[in-house]
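This is what each chain is made of:
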Amino acid sequence: MKRALILSGGGARGAFQVGVMKYLNEINWTPDLICGTSVGALNAVAYGSGMSIDQMIRLWQTYRRKRMFRVTLPILIRSLQSRTRFSPMSDTRPLKKLLTENINIDALRNTTPEIIISTLNMMTGQIEYFNQHAIKIKHIMAASAIPGLFGWQYIDNVPYWDAGLMVNTPIAPALKLGAKEIIVVLHSPVGAFNAREPRSPMEVAELVFEHFRIGSYTNSLPDISWQINPDADCHKTPLPNSPQLQLAAKGTKILTAAPTRMLGFKSLLNFSLRQANTLIDEGYNNARMQLKPHLIN
C-alpha cells in the first residue's frame, strides 16, 4: 500500500477535510486507503461510495444541522429527566435519512481505495474497525454517534458509538497496512503547530479539549525517536511534520494538513453555510501551502 488519507473526527469542522480533499484531487494525489473517525468516517464513506469532491462540497453547503439531527425542548427534557433508561439529547433520524439517500452502499462495496471507519465497542472499550465490505448505514451511524448527544447503535447486538473518545485520528490502520505516504487531516492547529499560551479561562478549556483530541494520534505512533532536550532533562514527542517523526516511521512519510487557527468550541456543531464555505476554503488553501512542498507526483 502506497498512500493513505487519515480523516479526524470533529463534527462540523469536517468541511475542512473536503477542502483538503479538493486540493489532493486537483494534484491527482489518489489514496489507496482512507481511514476516518466520526465526521471523518462520514467523509470517507461518501468518497468511497462514488461521490465526487464537488458533490461532497454541495452536501456540506446544503445540509444544515436540523437536516442532520434535531434538538428540541421535549427531547432535552426527556433526556434530562430520564433516570432508568438513557434517552439521547437529539433525534438523529434526519441523519439516517440523509445517509440512506446519499450513500450508495453497493458502490462502496466495489470502491478502489480501501475505506476503514473506526467505532468504539461500548462494552469492551476497544476500538473496532470496519472496512467497505462490512459497512452498512448502521455502521456509519455508530461511527458518528457522539456520546450523550446521539444514541448508540447496535451491530450484531453489541452497542457502538463514536470512537473519537479514544482514537480521534485513526492512523494505526495505515501504519499497520504499510502505507508509505500518509496525509493526516487534523481539525486543530494543536498537534500540527506550536500553540500559543492561553490567556483566558475559555482559552485554557479550549486548549485542554484540543490536547485531549490530538492525544490518541501523537501517542499512538510506533517507535518514536525521542527528542532529548538535555537542558530541560525531558523527552518530547516530535510534531507530525518533523524530521524526528519521519525517521521514527521507518521510511513512511507522514504529512499533516491542519488549520492555522483555533476554531473554537462552537465550530463543532456549527453547520452554517458560512462556516462550511470558510472551512472548505481554509482546507484547500492550507493543504496547498502545507502539503505542496512535500508531495511529488
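Heads up: the structure comes first, above all this text.
Participant: In this structure, what is going on with the layout of surface pockets? I would like to understand it.
Facilitator: Over the atoms, a rolling probe the size of a water molecule traces out where space has been left empty. Size it by volume and the largest pocket reaches roughly 360 Å³. As for the largest pocket, its lining consists of 17 residues, of which I146, D162, F209, R213 and L268 are closest to the centre. If one sorts the elements of the lining of the largest pocket by residue count, helix α9 (residues 201–218) sits on top with 3 residues. When the residues that make up the lining of the largest pocket are grouped by side-chain class, the tally is 9 nonpolar, 6 polar and 2 charged.

Participant: Hey, could you run me through empty space enclosed by the protein in this one?
Facilitator: Inspection of every chain in the model, using the stated rule, returns 3 cavities of 30 Å³ or more. Taken as a whole, the second largest cavity holds about 70 Å³ of empty space. Forming the boundary of the second largest cavity are S8, G9, N168, T169, L186, H187, S188, V190, E210, R213 and I214. Per-class residue counts for the lining of the second largest cavity are 3 nonpolar, 6 polar and 2 charged.

Participant: What's the story with the side chain of N286 in this structure? I'm lost.
Facilitator: Among the secondary structure elements, N286 is positioned in helix α11 (residues 273–291). Classification of N286 by relative accessible area gives buried; the value is 5%. For N286, the side chain forms a polar contact with the main-chain oxygen of A258, separated by 3.1 Å. Dropping the residues within four chain positions of it, N286 is found in contact with F16, A258, P259, T260 and L291.

Conventions we followed
- Every chain is numbered on its own, with residues counted from 1 as its sequence reads.
- It should be noted that, the model being predicted, local features are given only for residues of pLDDT at least 70 and side-chain atom pairs only at 80 or more, the latter also being counted only at that level, while totals for whole chains, interfaces and linings use all residues.
- The side-chain figures draw on all heavy atoms in the structure; neither hydrogens nor water molecules are used.
- Of the grid points, spaced at 1 Å and generated over the protein atoms alone, those admitting a 1.4 Å probe that cannot get out make up cavities, while open sets with protein on both sides within 12 Å along at least five of seven lines make up pockets; any residue with an atom within 4 Å of a point is treated as lining.
- Grid points are joined across faces, edges and corners, and a volume is the space filled by probe spheres set on the points.
- A run of DSSP states H or I qualifies as a helix once it reaches four residues; a run of E qualifies as a strand once it reaches two. Both are numbered from the N-terminal end.
- Lys, Arg, Asp and Glu make up the charged group, whereas Ala, Val, Leu, Ile, Met, Phe, Trp, Tyr, Cys and Pro make up the nonpolar group; the residues left over, Gly among them, are polar.
- Type-normalised accessible area, obtained with a 1.4 Å probe on protein chains alone, sets the label of each residue: buried when under 20%, exposed when over 50%, and partly exposed for intermediate values.
- Polar contacts, as counted here, are pairs of nitrogen or oxygen atoms within 3.5 Å of one another; within protein the pair requires one atom able to donate a hydrogen and one able to accept it, and residues that are adjacent in sequence qualify only if both atoms are side-chain atoms.
- Between two residues, a contact is recorded if the distance between any of their heavy atoms is within 4.5 Å.

Shape descriptors only; they carry no functional weight alone.
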